[in-house]
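# An overview of the molecular structure
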Amino acid sequence: MRLLEVRRTSGFRVASLFFATFGGASLALCGFLYVDTRSYGRKAAFEWVEWESKHLLNLPPRALRERIDASEDFAEGGRPLVLFGPDHARRAGAPIPYPATAPIGHPFVLTQQTEHGTRTLFSELTRLPSGEYVLVSRSAKDLQSLENALVETFSWGMAATIVIGLIGAVIFGVGSLRQNDAITSAVVRIMRGDLSERLPTRGVSADLAHLTRVVNDMLDQLERLMLEIKGVNENIAHDLRTPLTRVVGTLERSLRKAHSVEAFRACNEDVLAEVKSIVIRFSALLRISEMEDRLRRSGFTQVDLSRLLEDAVEYYEPLAAERGIQLRWTRPDGASEVEGDRSLIFEAVSNLIDNALKFTPSEGWVEVALLQTPTAIRVTDNGCGIPAEELTTVRARYRRGAFRADKSGFGIGLSLVDSIARLHSAVFDIASDGTGCRVTLLWPHQGPESLGLGAALIEAV
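From a predicted model like this one, the values you see are computed outputs, not experimental measurements.

The subject of this paragraph is the overall build of the protein chain. Looking only at helices and strands, the protein chain has ten helices and twelve strands in total. The buried share of the protein chain, reckoned over its 461 residues, is 39%. Contacts in the protein chain between residues far apart in sequence, at least 24 positions, make up 62% of those at least 6 positions apart. Here the protein chain displays about 26,900 Å² of accessible surface, and carbon together with sulfur accounts for 57% of that area.

Now the structure itself:
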């Protein structure tokens, strides 16, 4: 079963394809070497018989006869010489009959039947001035032995290549299977509820490394959302217990003590105020959920941030003047536009300005600035600030810091701003040195000057 799984892995298939390609190239190379070696051997044999024939043609009859008698003739090899008379009868040399169909003066291949079988000779038949014929031959046994050795060597080489290729493919397949098993085990643990589990990134091939990183990022986001969902019931119950208790108490009092229309109206007004606060909280939660579901992207347009901030500052100027706070507005020379939802960005800016005014004492100041390189909105105040240990948790829903206990609000504002920032692919940063707070909404991909900058730009702005 595991062998079938190994055979189906991408590693096994890629390795098999690679070794098949390499094996095909090796086979083509072996074939070329075999053909070239065989052609070279035959050419060399024919050149020798031609040279020997010309040499014998120039010898005197007695020397020619001595040379023929001294020639080698073995059943399976040698360089036999044969002298034939004008009547084609053999007069001296090896026991080879006259080749009647052989061309005169041109090399040819002669096949001879012997008691040991068939032997092949590279030969040439030359006519002497005396009318006699001399047959010069060279055995093909050595060349055939070389060819057989090449075929055997190439066969063993191809067999070894196939075996090595299969072993390598199995090794690659087992490696891919181990990677898949590790990823599958991690996924199974995640499915069983362990949201802290992540897909392995070490020992993973390059084609899976990027995918596992993306999936791990997705799991980080899912874990964060699940933790928020897990705590939302508790937070809602804790946050709504007090207003609901007051509603119940007010209604019970009205039933017991309200003996006039005016008293009953006063009780109803108290109940209505508590119910409205509950509706506001649920509306804020629904807006955050809508933001995180990305349902508002379809309505994105080009938003002029300069005009938007000017409207927001103008809206909060009366409240700032009433509380004795100086509201500053630093506008740029030109317009700065981003793609987004104007109402959502205005809501985010309103939350930031409202928070700054809420936690800034009388005779303090709040500054709203628009930066252009890169595009960013910055709200700064000299209020009570945020403790360093709360900077990483202040964006959570229902999270209210130590300095907010005596302030109105539900602890949802910064969570809403964070959701709006993520919806607009913006960076939401909060910084505080204990004597004030600086909040920044940064669009890192607006304009060529800020491409690829990210969170490092927060310090610059």
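From this point, the narrative continues.
Moving on, we come to the pairing of strand 4 (residues 117–127). Relative to strand 4, strand 3 (residues 107–114) runs antiparallel, the two sharing eight bridges. Bridged to Val109 within strand 4 is Phe122. Taken together, strand 3 and the strand that follows it, strand 4, pair antiparallel across an intervening segment of two residues. Two strands pair when backbone bridges link them, and strand 4 and strand 5 (residues 133–139) are joined in this way by seven bridges, in the antiparallel orientation. Note that in strand 5 the partner of Phe122 across the bridge is Arg138. Connecting strand 4 to the antiparallel partner strand 5 that follows it, the hairpin turn spans five residues, and Gly131 within it adopts a positive phi of roughly 90 degrees.

Oppositely charged side chains are able to pair whenever their charged atoms sit close together. Considering all chains together, one arrives at ten salt bridges under this definition. Where Glu52 meets Arg67, a salt bridge forms, and the shortest distance between an N and an O atom there is 2.6 Å. Here Glu52, found in helix 2 (residues 10–57), pairs with Arg67, found in helix 3 (residues 61–69); they are 15 residues apart in sequence, far enough to count as distant. Judged by its relative accessible area of 2%, Glu52 is buried. Classification of Arg67 by relative accessible area gives partly exposed; the value is 33%. Here Glu66 and Arg62 are joined by a salt bridge, their closest N and O atoms 3.7 Å apart. Pair noted here: Glu66 and Arg62 are both in helix 3, with a separation of four residues, about one helical turn. Look at the salt bridges and you will find they share partners, linking Arg307, Asp311 and Arg342 into a network.

For the structure shown, the criterion picks out two cavities of 30 Å³ or more. Each pocket or cavity is described by its volume, and for the second largest cavity that value is around 30 Å³. In terms of lining residues, the second largest cavity is bounded by Ile345, Ile420, Ala421, His424, Ala426, Leu441 and Trp443. Class assignment for the residues of the lining of the second largest cavity results in six nonpolar, one polar and no charged.

This part covers the packing of aromatic side chains. Within this structure, the stated rule accounts for four aromatic pairs. Connected via pairs of aromatic rings, a cluster forms that spans Phe84, Tyr98 and Tyr133. In this arrangement the basic side chain of Arg79 is found over the ring face of Trp48, its NZ or CZ atom lying 4.8 Å from the centre. Over the aromatic face of Trp365 sits the side chain of Arg328, whose NZ or CZ is 4.6 Å from the ring centroid.

Quick look at unusual backbone geometry now. Residues other than glycine predominantly adopt negative phi, and peptide bonds predominantly adopt the trans conformation. Despite not being glycine, Glu363 shows a phi value in the positive range, around 70 degrees. Here Glu363 is to be found in the loop between helix 8 (342–358) and strand 9 (365–372). On the accessibility criterion, Glu363 (75% relative accessible area) is exposed. Positive phi outside glycine occurs at Ser425, with the angle close to 55 degrees. In this fold, Ser425 is placed in the loop between helix 9 (413–423) and strand 11 (427–432).

Time to look at the sheet that holds strand 5. The strand order 2-1-5-4-3 describes an open sheet built from five strands, whose pairing is antiparallel. With one partner strand each, in any of the chains shown, strand 2 (90–93) and strand 3 form the two edges of the open sheet. When the angles between neighbouring strand axes are averaged without regard to direction, this sheet yields 30 degrees. Judged from the three bridges that link them, strand 1 (residues 81–84) and strand 2 form a sheet pairing that is antiparallel. When the sheet's bridge partners are listed, Leu83 is paired in strand 2 with Ala92. The sheet contacts of helix 3 involve strand 1, strand 2 and strand 5, and relative to strand 2 the element is tilted by about 65 degrees.

Here is what the cut-offs are and how they apply
Residues numbered from 1 in each chain as written. Predicted model: local features only at pLDDT ≥ 70, side-chain atom pairs only at ≥ 80, totals over all residues. Heavy atoms only, no water. Helix = DSSP H or I, 4+ residues; strand = E, 2+ residues; numbered from the N terminus. Buried < 20%, exposed > 50% of the residue type's maximum accessible area, 1.4 Å probe, protein only. Contact = heavy atoms within 4.5 Å. Areas by Shrake-Rupley, 256 points an atom, 1.4 Å probe, with all protein chains shown as cover. Pairing = 2+ DSSP bridges. Salt bridge = Lys/Arg side-chain N within 4 Å of Asp/Glu carboxyl O. 1 Å grid on protein atoms, 1.4 Å probe; cavity = no way out; pocket = protein on both sides within 12 Å on 5 of 7 lines; lining within 4 Å. Points joined across faces, edges and corners; volume = space filled by probe spheres on them. Nonpolar A, V, L, I, M, F, W, Y, C, P; charged D, E, K, R; others polar. Phe/Tyr/Trp six-rings, centres within 6.5 Å; stacked < 30°, edge-to-face > 60°. Lys NZ or Arg CZ within 6 Å of the ring centre and 35° of its normal. Axes fitted to C-alpha atoms, helices over the stretch in contact; angles between N-to-C directions.

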